[in-house]
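Chain by chain, the residues run as shown.
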2 protein chains.
Amino acid sequence: MEDVSKRINAAYGKIPCDLLLKGGTIINVFTGALEQVTIAVKDGRIVGYGDRKAKTVVDVSGKHLCPGLIDVHLHLESTLLAPSEITRLLLPRGTTTIVADPHEIANVSGFDGIQWMLEATEKQPLNYFFWLPSCVPATHLETSGAILTSDDLATLINHPRIVGMGEMMNVPGVVNGDRESLAKIHLADDHGKIIDGHAPQVSGSMLDAYLAAGISADHECTSLSEAREKLAKGMRILIREGSAARNLQDLLPLINDNNWQRISFVLDDRHVDDLCESGGLDNMIRTAIHYGIDPVRAISLASFTSAQRMGWRNRGHLGIGAIADIVVLEDIEAFRVSDVWKTGVQVVANGNITCDMPGMPAFSNTMNVLPFTLERFQIPDKGQPVKVIGLQSGQIITKSLVMRPRVRHELLVPDPVQDIAKIAVVERHKATGNIGLGFVRGMGLRKAAVACSIAHDSHNIIVAGMDDVSMFTAVQTIIDAGGGIAVCDGEIVESLLPLPIAGLMSDQPFEQVLAKLKELKEALGKLGANPDILMTISFLALPVIPELKLTDKGIVDVNQFFHVPLESEDKHA
Amino acid sequence: MEDVSKRINAAYGKIPCDLLLKGGTIINVFTGALEQVTIAVKDGRIVGYGDRKAKTVVDVSGKHLCPGLIDVHLHLESTLLAPSEITRLLLPRGTTTIVADPHEIANVSGFDGIQWMLEATEKQPLNYFFWLPSCVPATHLETSGAILTSDDLATLINHPRIVGMGEMMNVPGVVNGDRESLAKIHLADDHGKIIDGHAPQVSGSMLDAYLAAGISADHECTSLSEAREKLAKGMRILIREGSAARNLQDLLPLINDNNWQRISFVLDDRHVDDLCESGGLDNMIRTAIHYGIDPVRAISLASFTSAQRMGWRNRGHLGIGAIADIVVLEDIEAFRVSDVWKTGVQVVANGNITCDMPGMPAFSNTMNVLPFTLERFQIPDKGQPVKVIGLQSGQIITKSLVMRPRVRHELLVPDPVQDIAKIAVVERHKATGNIGLGFVRGMGLRKAAVACSIAHDSHNIIVAGMDDVSMFTAVQTIIDAGGGIAVCDGEIVESLLPLPIAGLMSDQPFEQVLAKLKELKEALGKLGANPDILMTISFLALPVIPELKLTDKGIVDVNQFFHVPLESEDKHA
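Residues numbered from 1 in each chain as written. Chains lettered and ligands numbered in written order. Predicted model: local features only at pLDDT ≥ 70, side-chain atom pairs only at ≥ 80, totals over all residues. Heavy atoms only, no water.

Caption draft 1: Inspection of the overall build of chain A at higher detail. On a plain count of helices and strands, chain A comes out with 16 helices and 32 strands. The globule rule puts the C-alpha radius of gyration for 573 residues at 25 Å, and the 25 Å found for chain A is close to it. Across its three principal axes, chain A shows a C-alpha extent of roughly 90 × 50 × 45 Å. Residues counted as buried form 64% of the 573 residues belonging to chain A. Of the roughly 19,500 Å² that chain A leaves accessible, carbon and sulfur atoms contribute 49%. With 52 positive and 69 negative side-chain charges, chain A shows a spacing of 4 Å between the two charge centroids. (Helix = DSSP H or I, 4+ residues; strand = E, 2+ residues; numbered from the N terminus. Rg over C-alpha atoms; globule rule 2.2 N^0.38 Å. Buried < 20%, exposed > 50% of the residue type's maximum accessible area, 1.4 Å probe, protein only. Areas by Shrake-Rupley, 256 points an atom, 1.4 Å probe, with all protein chains shown as cover. Lys, Arg positive; Asp, Glu negative; His and termini not counted. Charge placed at Lys NZ, Arg CZ, Asp CG, Glu CD.)

Caption draft 2: Inspection of the sheet that holds strand 14 (residues 236-240) of chain B at higher detail. All names here are of chain B. An order of 13-14-15 is seen for the three strands of this open sheet, with the pairing classed as parallel. Each of the sheet's edge strands pairs with one partner strand only, and the pair in question is strand 13 (217-218) and strand 15 (263-266). Sheet topology places strand 13 next to strand 14; two bridges connect them, and they run parallel. In the sheet register, Asp218 faces strand 14, and the bridge partner there is Ile237. Across the face of the sheet, helix 11 (residues 281-290) comes into contact with strand 14 and strand 15 while running at roughly 125° to strand 15. (Pairing = 2+ DSSP bridges. Contact = heavy atoms within 4.5 Å. Axes fitted to C-alpha atoms, helices over the stretch in contact; angles between N-to-C directions.)

Caption draft 3: Quick look at the packing of aromatic side chains. All names here are of chain A. Considering all chains together, one arrives at twelve aromatic pairs over all chains under this definition. Ring geometry for Trp260 versus Phe304: centroids 6.4 Å apart, planes at 40°, classification tilted. Within this pair, whereas Trp260 is found in the loop between helix 9 (248-251) and strand 15 (263-266), its partner Phe304 is found in helix 13 (residues 304-310), the two being separated by 44 residues in sequence. The class for Trp260 is buried, based on a relative accessible area of 2%. With 5.6 Å between their ring centres and 70° between their planes, Phe372 and Phe377 make a pair best called edge-to-face. Overall, the relative accessible area of 0% leaves Phe377 in the buried class. Cluster of aromatic residues (ring-pair linked, three or more members): Phe30, Trp260 and Phe304. We note Arg315 situated over the ring of Trp312; from NZ or CZ to the ring centre the distance is 5.2 Å. (Phe/Tyr/Trp six-rings, centres within 6.5 Å; stacked < 30°, edge-to-face > 60°. Lys NZ or Arg CZ within 6 Å of the ring centre and 35° of its normal.)

Caption draft 4: Here's a closer look at the pairing of strand 27 (residues 461-465) of chain A. Residues and elements named next belong to chain A. The buried count for strand 27 comes to five of five residues, which makes it a mostly enclosed element. Residues Ile461, Val463 and Gly465 of strand 27 are buried on one face, and the alternating residues Ile462 and Ala464, pointing to the opposite face, are buried as well. Where strand 24 (residues 420-426) and strand 27 come together, five bridges link them in antiparallel fashion. Directly across from Val425, in strand 27, lies its bridge partner Ile462. Where strand 26 (residues 449-452) meets strand 27, four bridges bridge the pair, whose relative direction is antiparallel. The residue bridging Val450 from the neighbouring strand is Ala464, located in strand 27.

Caption draft 5: A look at helix 6 (residues 179-190) of chain B. Residue and element names in this part refer to chain B. With twelve residues, helix 6 extends 16 Å from end C-alpha to end C-alpha; this agrees with the ideal 16 Å at 1.5 Å per step. Those residues of helix 6 that fall on the buried side of the exposure criterion are Ser181, Leu182, Ala183, Lys184, Ile185, His186, Leu187 and Ala188. Following helix 6 by one or two positions, Gly192 adopts a phi angle in the positive range, close to 65°. (Expected span 1.5 Å × (residues − 1).)

Caption draft 6: Quick look at the sheet that holds strand 26 of chain A. Residue and element names in this part refer to chain A. Ordered in space as 21-20-25-24-27-26-28-29, the eight strands form an open sheet in which the pairing is mixed. The two strands at the open ends of the sheet, each matched to only one other strand, are strand 21 (399-403) and strand 29 (492-498). Averaged over all neighbouring strand pairs, the angle between strand axes comes to 25°, with direction disregarded. Where helix 14 (residues 468-481) meets the sheet, it contacts strand 24, strand 26, strand 27, strand 28 (484-489) and strand 29, and its direction lies at approximately 150° from that of strand 28. Set on the sheet, helix 15 (residues 510-526) makes contact with strand 26, strand 28 and strand 29; between it and strand 29 the angle comes to about 145°.

Caption draft 7: Spotlight on the environment of Pro200 of chain A. All names here are of chain A. Of note, Pro200 is situated in the loop between strand 12 (194-197) and helix 7 (204-212). Expressed as a C-alpha distance, the spacing of Pro200 and Asp218, which sit 18 residues apart in the sequence, is 8.4 Å. Once residues lying within four places of it in the same chain are set aside, the contact partners of Pro200 are Glu220, Glu226 and Lys230.

Caption draft 8: Structural context of the relation of the copies chain B and chain A. With an RMSD of 0.1 Å, the fit of chain B onto chain A corresponds to turning through 180° and sliding 0.0 Å along the axis. Taken together, the turn and the small shift mark the pair as related by a two-fold rotation axis. The position closest to the rotation axis in chain B is occupied by the C-alpha of Asp257 of chain B, lying 2.7 Å away. A high fraction, 98%, of the interface residues of chain B reappear at the interface in chain A, so the copies pair face to face through one surface. (Least-squares fit on C-alpha atoms with pLDDT ≥ 70 in both.)

Caption draft 9: Looking closely at the interface of chain B and chain A. Listed per partner, the contact involves 55 residues of chain B and 54 residues of chain A. Taken together, chain B and chain A are joined by two salt bridges. The partner of Asp208 of chain B in a salt bridge is Arg52 of chain A, with the nearest N and O atoms 2.5 Å apart. Put simply, chain B and chain A have 16 residue pairs in polar contact (both at pLDDT 80 or more) between them. Those elements that place two or more of their residues in the side of chain B that touches chain A are helix 1 (2-11), strand 5 (45-49), helix 5 (171-175), helix 6, helix 7 (204-212), helix 8 (224-232) and helix 13 (304-310) of chain B. Each residue belonging to the side of chain B that touches chain A can be placed in one class, and the counts come to 25 nonpolar, 17 polar and 13 charged. (Salt bridge = Lys/Arg side-chain N within 4 Å of Asp/Glu carboxyl O. Polar contact = N/O pair within 3.5 Å; in protein donor to acceptor, adjacent residues only side chain to side chain. Nonpolar A, V, L, I, M, F, W, Y, C, P; charged D, E, K, R; others polar.)

Caption draft 10: Here's a closer look at unusual backbone geometry. In this structure, the amide linkage connecting Val136 of chain A to the following residue, Pro137 of chain A, adopts the cis form with an omega of 0°. Assignment of secondary structure puts Pro137 of chain A in the loop between strand 10 (127-132) and helix 4 (150-154). A cis amide bond links His456 of chain B with the next residue in sequence, Asp457 of chain B, at an omega value of -10°. Checked against the element boundaries, Asp457 of chain B lands in the loop between strand 26 (449-452) and strand 27 (461-465). The backbone of Phe561 of chain A sits at a positive phi, close to 60°, despite the residue not being glycine. Looking at where Phe561 of chain A falls in the secondary structure, it is placed in the loop between strand 31 (554-557) and strand 32 (562-563). For Phe561 of chain A, a relative accessible area of 33% corresponds to the partly exposed category. Phi at Phe335 of chain B takes a positive value of approximately 40°, unusual for a residue other than glycine.

Caption draft 11: How the structure looks around helix 2 (residues 83-90) of chain B. Residue and element names in this part refer to chain B. Within helix 2, seven of the eight residues are buried, which leaves it mostly tucked inside the rest of the structure. Residues of helix 2 that are buried: Pro83, Ser84, Glu85, Ile86, Thr87, Leu89 and Leu90. For helix 2, the secondary structure elements touched by its buried residues are strand 9 (95-100), helix 3 (103-121), strand 10 (127-132), helix 10 (272-277), strand 19 (352-353) and helix 15 (510-526).

Taken by themselves, the reported measurements are silent on function.
Here it is as structure tokens:
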């Protein structure tokens, strides 16, 4: 009660405000206009327009004031960075609120992973909220680090920074009334929380069934017709511009005067290099303006409409009563940020963070691998051709090929001539000793091996290489680092990016992560491989994307959704 | 859990839907377009677009389907009707959800009044929600039937049909940090509920202070400039078209492509005759269309944006997952309703209600008047001029006049020549015996008296007349009827509309109320009075509207906000 009365008194001029931002032009998302307004702030809220007594007066003449940007669908883990580093990167670019889905860390560490995220973000000068990850594990075809049932999630649903149920990726589960899927939907609904969607190319009666379950937004639209159907049926459309999936340009024509309030911008999965080079939501705003969207509307789509998606009345705008998340722009069309106030406190000045940055809490080592020897990577030749995962340039969909690798000493071995590498998935959560083995075509490796503890969605260790010694070295290097990405040649570690937080994220500054990534890519380049295979490899264990994948339990025919033998029934390669 | 799975199954075509509305054109508030869509309904929700198996198939070819209309600011009591009759009137006109502020009944009966409203509306085929009345009593200058403190209101705040704190009329209280006003604001805020505003002509730093308190909508704008300031600062604008205050035409130019989602239509106070003759929200939609607003947008402003105001995701549109409140229109521009489905059940067919209508619960007699005699109406002459309430044509604002009524037997008496009637306010809640006395100019009465138990905001019995016998008869007639409006001439009751529910509402069908009102107006007409004084008189005891008013405690100088003697210091009339 004390708080609101102070704000009222400050608004009414009875006591001084904390801050006056004087002489700027505000982006008014309510009117769609640019308006010259002096903003008064007290106790972290905007309390008035126009001159007032204030402890601090800042002249922002000639600048634009914009509401703090809001991303309602982001996977922090995809950046490879700890939350504090995401803050360091995105706060100076104008993002003040993020709703993250801790799907990856939860698949590794379950409840503890979510708790760590909550703890790590609690005192950040950027507000982090979380969706409860709805698909842990993603499938039964692999060994995950954790299982989170609706009962497990129920213990977190009332947390003030848990906003609802994260993207319901199990579309068949939802529309076929799978018990656990519905229990998760009810959990959110019963607690007045919302449910995020994920329904790529779902349409017609299947989409209707998905919506009838109460799912209210989708970020997976890739075409205008898909987005139009979903929007007309009542979904909010989150236009995504991730590092891999880029939909902004295709979907911009969707936006018009009648529907713009139903549309928001989100990043989903964006990598550290992309964030450093292009930016985050600021980059989406610039692109939208470049393609002809009115600047006020472009900014509204990354702030106001996102707040509306979440049901937040006091974020995403600069109205009176709003949380004082204010971004000062040097240039509105270029969305060039000079200063940021978060809850009324200056946190960025001239592009640099000026507030204290809390450190990250400790994270236990997640590498729990049953010791094994080199020989476990051997694949005996049965005289038959085998199924080979065929990479497709720039895609995470693979082809199921039938080929015959080289044979040496009655073993099937990689073949640089056919561009066939060996691939293994080493289980790392439960010390099961599981190692799935197979072959992949199209990596371009001439020698050596690359290994990675990011391997969607269970994040076992995946390794691809041209010889068993390099593969073994790479896997052991990652185990020793507590997770990471390594390129090894024989017993030599050519390059290593340690990712000790759940094997997914670095504990180092983003500049260092960026430099290490560059080094890894250079090492791969020297070995003849396309550096993009770093991302490709992390999807080779994801058994929900067609056609052929490998998990710690072996080869998966995704279209049939079960494990198949490595050897092909087809006798001829 | 069973519910949602049935809906999903029906959506997916695994089991039949309950209802298929086939071949109609829907008003799509998400796209702003008219779209030919067959709607499938299961368990009260819209579950799909397009043909499906269904138990009932209704051909609505050539008709438009529109979301049920929503009024977020209505005083039920102003209609003089019980909620069941409001349902009978408004449901066939397309309104399916009302958020009412039981301010009047609460001022008479406090907590019991609100409880009665909740009970009376619980099983209606129209959804009634309620604001908690924030100003009971409205002032200390009169004897009200009840006092509702923030602690009293706290016992109701978690009721599922209580949406938040009703219009905060005490603007000075809010902006000056009055303890009780702030406690009410905190009560709503702490429970995640919203706060309704009422801030006529408030602007500048006073408006800022009002908004800093967290108040989020206003229905009192009368000019474009007023509405523009409030909208730009973050308020939702509720355009009101009541019986007395009509703002629609003036405010229509406010609406544009950038702000329409921040604007809604509301009725506030609309009388039974107006509802019968012109309609409710349907009338506002027709008017808006007439003045050039696109029909889909006009309908959206009485449905979709209203639901957004309340934070309701599943009302106000025909998206999949929405509550199946569907209005079938014969003619979209004329907004002519033929049928209504409420939560998937047909409740109106060809303009007539087809569902069962639950009766109203009993309401205890609220007439608690200390017996008194005729002589209590006498006003001794002190040889001075007196303050006289000067009516202004068509307004509830009065002038403070100084006049000299006739003198007979050392008493001041009414004077038809000067058009001065005597006026009295008889306290009826606590049997205090209070009777306030004064004079009013401009009623046009040549003889007889009119009395009324609707007298804002405390609703004591107010009576104006040309002789004490008529006045006494009128007051006693109302007491005997348990409340009402009466015109009496001497000891003859010329006309009586009983209002036994809190002295505010009839327990009879609206047709009968309408007929009685007509009879009352005719009786007044015969006495030479303008029939509009029926409404005027009920505002003569409202001590928050300038300049001179009368309560049971005596004459009030509203500008000074305290009681003053009847006699004027000014010696010359």
